[in-house]
Amino acid sequence: MPDDSPSTFNPFASAEITPPVSSHWAAKRELAQALRELSNTLVTSAPSEELLKQASATISELNKALANSPRYYGSQEFANTQEHGSRGELNYELNAIGGLSNPLSPGLNMWLEGKLAFGKVKCGYAYEGPPGFVHGGYVAAILDQFLGMAQIAGGQSGMTGTLHVRYLRPTPLNTDLDLRGSVDRVDGRKTVVTAELLANGEVTARSEGLFIRPSNTLKEMFEKD
Ligand SMILES: CCCCCCCC(=O)SCCNC(=O)CCNC(=O)[C@H](O)C(C)(C)COP(=O)(O)OP(=O)(O)OC[C@H]1O[C@@H](n2cnc3c(N)ncnc32)[C@H](O)[C@@H]1OP(=O)(O)O
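Residues numbered from 1 in each chain as written. Predicted model: local features only at pLDDT ≥ 70, side-chain atom pairs only at ≥ 80, totals over all residues. Heavy atoms only, no water.

- The name given to the chain in an unreviewed UniProt entry is Acyl-coenzyme A thioesterase THEM4, with the source organism recorded as Sediminihaliea albiluteola.
- One UniProt comment on the chain, placed under Sequence similarities (unreviewed entry), says "Belongs to the THEM4/THEM5 thioesterase family." (UniProt positions renumbered as here; feature names shortened; annotations may be inferred.)

Take a look at the structure:
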């Protein structure tokens, strides 16, 4: 059983990708990466219809085999098993933007250095919006997740109340993107965090998020088993 102690798991401690907590998650990370590559190939290739249909049938068969295994719908159900990791560990694997075992996630890596937050991500062709550039919705999603983590630098945790993004220039695909951010101010349950997204050293988007630590009622709602 994985160690559930939060003191042994801090994926934001350094720029290094935190290793998976078990061989199960290591194998899932590999499969998620293979699926990302498959998505990239699908949106950048023009195979024959025959090959496309053959690929659909093969993948459907594989999906049936995977679906026959024990199923847990959402990270809370995984956590309830007490066999697949703590909530923090599961978020690191399954999150929509940073989850390394989630093929939809571009695998945003984030870490803290003192009061500053940093991140790295690269978006392939599956994330295209304007030709050659990242879809603005993904830019906002990446910034949302990053700002959410950066709150930790101010010792806070909360949900996004508002997110403001100023798109300064298109964000290129297939390019190492850097993020940097910090807590601007904390006022009770409210934390304002700011961040920038950079490509090749140039800021492509600037954002500010207001994060609100939920009231007890909401907290109880999220934490119910
Ligand atoms: C480490 C990884 C972190 C990941 C972060 C990822 C970020 C996310 O994507 S989170 C998902 C997106 N966000 C959501 O779904 C949030 C949905 N909204 C909610 O759950 C609630 O409205 C929530 C939690 C924001 C506030 O609820 P609650 O705690 O009941 O707030 P409430 O007591 O009514 O209000 C508290 C204060 O905040 C203000 N406030 C509440 N909501 C908002 C809002 N959306 N915008 C601005 N101000 C707000 C209120 O006016 C009040 O202000 P004041 O104290 O000055 O009167």
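Once you've had a look at it, read on.
### Considering the overall build of the chain
For step 1, the next point in the chain: On a plain count of helices and strands, the chain comes out with six helices and six strands.
For step 2, the next point in the chain: Counting from the amino terminus, the chain carries its helices and strands in the arrangement α-α-α-α-β-β-α-β-β-β-β-α.
For step 3, the next point in the chain: For the chain, whose C-alpha radius of gyration is 19 Å, the value lies close to the compact-globule estimate of 17 Å for 225 residues.
For step 4, the next point in the chain: Within the chain, the proportion of its 225 residues that are buried is 33%.
For step 5, the next point in the chain: Counting only carbon and sulfur atoms, one obtains 54% of the accessible surface of the chain, whose full area is about 13,300 Å². (Helix = DSSP H or I, 4+ residues; strand = E, 2+ residues; numbered from the N terminus. Rg over C-alpha atoms; globule rule 2.2 N^0.38 Å. Buried < 20%, exposed > 50% of the residue type's maximum accessible area, 1.4 Å probe, protein only. Areas by Shrake-Rupley, 256 points an atom, 1.4 Å probe, with all protein chains shown as cover.)

### Section: the packing of aromatic side chains
For step 1, the next point in the chain: Taken as a whole, this structure holds five aromatic pairs when the rule is applied.
For step 2, the next point in the chain: A ring pair is formed by Trp25 and Phe78, whose centres lie 5.6 Å apart and whose planes are at 55°; its orientation type is tilted. Separated by 53 residues along the polypeptide, Trp25 in helix 1 (residues 23-43) and Phe78 in helix 3 (residues 75-80) bring together distant segments of the chain.
For step 3, the next point in the chain: When its relative accessible area of 0% is taken as the criterion, Trp25 is described as buried.
For step 4, the next point in the chain: Take Phe78: its relative accessible area is 9%, and that puts it in the buried class.
For step 5, the next point in the chain: An aromatic cluster is present here, built from Trp25, Tyr72 and Phe78 joined pairwise through their rings. (Phe/Tyr/Trp six-rings, centres within 6.5 Å; stacked < 30°, edge-to-face > 60°.)

### Quick word on a nonpolar patch on the surface
For step 1, the next point in the chain: On the surface, Leu31, Leu35, Leu38, Ile59 and Leu66 cluster together to form a nonpolar patch covering roughly 400 Å² of accessible area.
For step 2, the next point in the chain: Only helix 1 and helix 2 (49-67) provide two or more residues apiece to the nonpolar patch.
For step 3, the next point in the chain: Residue placement: Ile59 occurs in helix 2.
For step 4, the next point in the chain: For Ile59, a relative accessible area of 39% corresponds to the partly exposed category. (Patch = residues over 30% accessible without salt bridge, like charges linked within 9 Å, V, L, I, M, F, W, Y side chains within 5 Å. Salt bridge = Lys/Arg side-chain N within 4 Å of Asp/Glu carboxyl O.)

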